[in-house]
Amino acid sequence: MPYPEEAEGFQVDGPNTFTQFHKRHFKLKPFGDYDVDVKIEACGICGSDVHTISGGWGDQKFPLCVGHEIVGRAIRVGPKVTLIKEGERVGVGAQSYSCGKCKQCRNDNETYCQVEPMDTYGSKWADSGIVSQGGYSSHVRTHEHWVFPIPDALETNAVAPMLCAGLTAYSPLVRNGAGPGKKVGIVGLGGIGHFGIMFAKALGAETWAISRSRAKEADALKLGADGYIATAEEGWEKDHLCSFDLIINCANSSEGFDLARYLSMMDVHGRWISVGLPEEEGQVIKAQNLISNGVLIGASHLGSRREMLEMLQLAADRGLKGWVEEIPISEEGLKEAMLRMKKGDVHYRFTLTGYEKIFG
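Residues numbered from 1 in each chain as written. Predicted model: local features only at pLDDT ≥ 70, side-chain atom pairs only at ≥ 80, totals over all residues. Heavy atoms only, no water.

**Some remarks on the UniProt feature "domain: Alcohol dehydrogenase-like C-terminal" (unreviewed entry) in the protein**
Here is the rule we go by: UniProt positions are given in the numbering used here, feature names are shortened, and annotations may be inferred rather than shown by experiment. The numbering of helices and of strands both runs from the N terminus, where a helix is a DSSP run of H or I of at least 4 residues and a strand a run of E of at least 2.
With numbering matched to this structure, UniProt assigns "domain: Alcohol dehydrogenase-like C-terminal" (unreviewed entry) to residues 191-316. The span residues 191-316 carries 30% helix and 23% strand; its end-to-end C-alpha distance comes to 19 Å.

**Description of the pairing of strand β14 (residues 266-274)**
Condition: Here, strands pair whenever DSSP counts at least two bridges between them.
Where strand β13 (residues 244-249) lies against β14, 5 bridges are found, and the strand directions are parallel. Bridged to I247 within β14 is W272. Relative to strand β15 (residues 296-299), β14 runs parallel, the two sharing 4 bridges. Bridged to S274 within β15 is A299.

**A few points about the pattern of salt bridges**
Two side chains of opposite charge can pair, provided their charged atoms sit close to one another. As a reminder of what qualifies: Salt bridges are counted wherever a side-chain nitrogen of Lys or Arg sits within 4 Å of a carboxyl oxygen of Asp or Glu. Here's how the labels work: a residue is buried when its accessible area is under 20% of the maximum for its type, exposed when over 50%, partly exposed in between, all with a 1.4 Å probe on protein chains only.
Scanning all chains against the criterion turns up 20 salt bridges. D108 is the partner of R306 in a salt bridge, and the nearest nitrogen-oxygen pair spans 3.0 Å. Here R306 is found in helix α9 (residues 305-318), whereas its partner D108 is found in the loop between α2 (103-106) and β7 (118-119), with 198 residues between them in sequence. The salt bridge involving D226 is made with K201; its shortest N-O contact spans 2.7 Å. Taken as a pair, D226 in the loop between α6 (217-223) and β12 (227-230) and K201 in helix α5 (residues 193-202) lie far apart in primary sequence, 25 residues in all. By relative accessible area, which is 40% here, D226 ends up partly exposed. Accessibility expressed as a relative area gives 34% for K201, which makes it partly exposed.

**A word on the domain arrangement of the protein**
Definition in use: Where each domain begins and ends follows an automated or database-derived domain assignment. Any two residues whose heavy atoms approach within 4.5 Å at even a single point are treated as in contact.
When cut into domains, the protein gives domain 1 (6-164 + 304-357) and domain 2 (165-299). A separation of 27 Å is found between the C-alpha centroids of domain 1 and domain 2. At the interface, 27 residues of domain 1 touch 25 residues of domain 2. Scanning the region where domain 1 abuts domain 2 turns up 1 salt bridge.

**Let's talk about the packing of helix α4 (residues 165-175) against α5**
Note the threshold: The convention used is that axes are lines fitted to C-alpha atoms, helices contributing only their stretch in contact, and that angles between N-to-C directions extend from 0 to 180 degrees. When describing relative orientation, an angle under 35 degrees is termed roughly parallel and one over 145 degrees roughly antiparallel, while 65 to 115 degrees is termed roughly perpendicular and anything else oblique. Left-handed describes a crossing whose near helix is turned anticlockwise from the far helix by less than a right angle; the clockwise case is right-handed. Lys, Arg, Asp and Glu make up the charged group, whereas Ala, Val, Leu, Ile, Met, Phe, Trp, Tyr, Cys and Pro make up the nonpolar group; the residues left over, Gly among them, are polar.
Packing of α4 against α5 leaves a shortest axis separation of 8 Å and a crossing angle of 45°. By the angle class used here, α4 and α5 are oblique. Seen along the crossing, α4 lies across α5 with a hand that is right-handed. Contacts between α4 and α5 involve A165, G166, A169, Y170 and L173 from the former and F195, G196, F199 and A200 from the latter. Considering only residue class, the contact of α4 with α5 consists of 7 nonpolar, 2 polar and no charged.

**Overview of the environment of W57**
With respect to the element layout, W57 can be found in the loop between α1 (47-53) and β4 (70-77). Those residues in contact with W57, other than ones at most four positions away along the chain, are S48, H51, T52, L277 and E279.

**A look at the layout of surface pockets**
Note the following rule: Cavities and pockets were defined on a 1 Å grid built over protein atoms only: a cavity is a set of grid points that admits a 1.4 Å probe from which the probe cannot escape, a pocket is an open set flanked by protein on both sides within 12 Å along at least five of seven lines, and lining residues are those with an atom within 4 Å of any such point. Grid points are joined across faces, edges and corners, and a volume is the space filled by probe spheres set on the points.
Of the voids in this model, the second largest pocket is the one considered here, and its volume is about 160 Å³. Along its surface, the second largest pocket is lined by K29, G32, D33, Y34, D35, Y97, E116, W125, A126, D127 and H143. Class assignment for the residues of the lining of the second largest pocket results in 4 nonpolar, 2 polar and 5 charged.

**A word on the packing of aromatic side chains**
The geometry of an aromatic ring pair is captured by two quantities: the separation of the ring centres and the angle between the planes. The cut-off we apply is this: Any Phe, Tyr or Trp ring, taking Trp's six-membered ring, that has another such ring centre within 6.5 Å forms a pair; planes under 30 degrees apart are called stacked, those over 60 apart edge-to-face, and the others tilted.
Scanning all chains against the criterion turns up 11 aromatic pairs. Taken together, a centroid distance of 5.8 Å and an interplanar angle of 40° make the contact between W323 and Y348 tilted. Placement of the pair is W323 in the loop between α9 and β16 (324-328) and Y348 in the loop between α10 (331-343) and β17 (349-353), with a sequence separation of 25 residues. Since its relative accessible area comes to 23%, W323 is described here as partly exposed. Counting every residue linked through ring pairs, the aromatic cluster contains W236, F257, Y262 and W272.

**What about the packing of α4 against α9?**
It is the contact of α4 with α9, at a shortest axis distance of 10 Å, that shows an interaxial angle of 100°. Between α4 and α9, the interaxial angle falls into the category roughly perpendicular. Contacts from G166, L167, Y170, S171, V174 and R175 of α4 reach α9 at E307, M308, E310, M311 and L314. Across the contact of α4 with α9, the residue classes tally to 6 nonpolar, 2 polar and 3 charged.

Laid out in structure tokens, this is it:
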């Protein structure tokens, strides 16, 4: 049965066959008064998609269609929708619902809702029991609060990865004071990290890229970095002891990660904020490594609607866009993308295109 009761998309049946995508119809949740239906035109590929379907993040609700960096057109809006107009180009990120009533939701912290949080894919809608499906598909149905108008100045294929990776970098920067007079480090020059450099510089901070080798130094400087630290070099931290106000850790792996040396670069009560989610257990944190500078350790998850809209406008105003390679959506294209993502062979994000050809 076609839209509006069902969408069509590419699903995976389990982690043992995570590179095998099957084009199928699946049910959409019942349309509600505050819902928006989006006909998808492009979708970024996030590391979360790979971790989810390959089993790195544990059990999932298969079969599953992933993808949460969605750009498309709002083709249907509920009778009580006020934030989105039919026909608008819009985006949908990694979250599709929260309760809207708790303390967190009422204070621009809706991504931290503990009452009724819903991921764009892999969560179960309470009213119907239907599992949410993501953006490797023809349509997505989402509460209006989690649908965002896209400024005209931003290209569809380039802006798609900002809906998750961009926001994941932007939110901790603005929440932790990145701006003029601040020294900010970005660990891991990948899908999230390259946005981190871009946005930290756009916010006015002195921005340093921190990576294992010098291989990505030229890229970091093109993105706007003021300096570069290669952690494979002897004494890499010595010139920066107690100097960083904020470091955002975007690394996708914790293997061989000497956390104490990174923390030694933080100024007094400087903030080390992690946004990457490695599959490994992570680093051991010793109190002895925190005392010399009173460093504060934290984390960040996505960002609020307000932050999303601010980020998109900043990108539009400054002409910022992600470094994106386009891949036509298909069984073969998705398999290639998953294998390349597993190898880290992406510079620095993938966007799936060609939706009209596949879904009509």
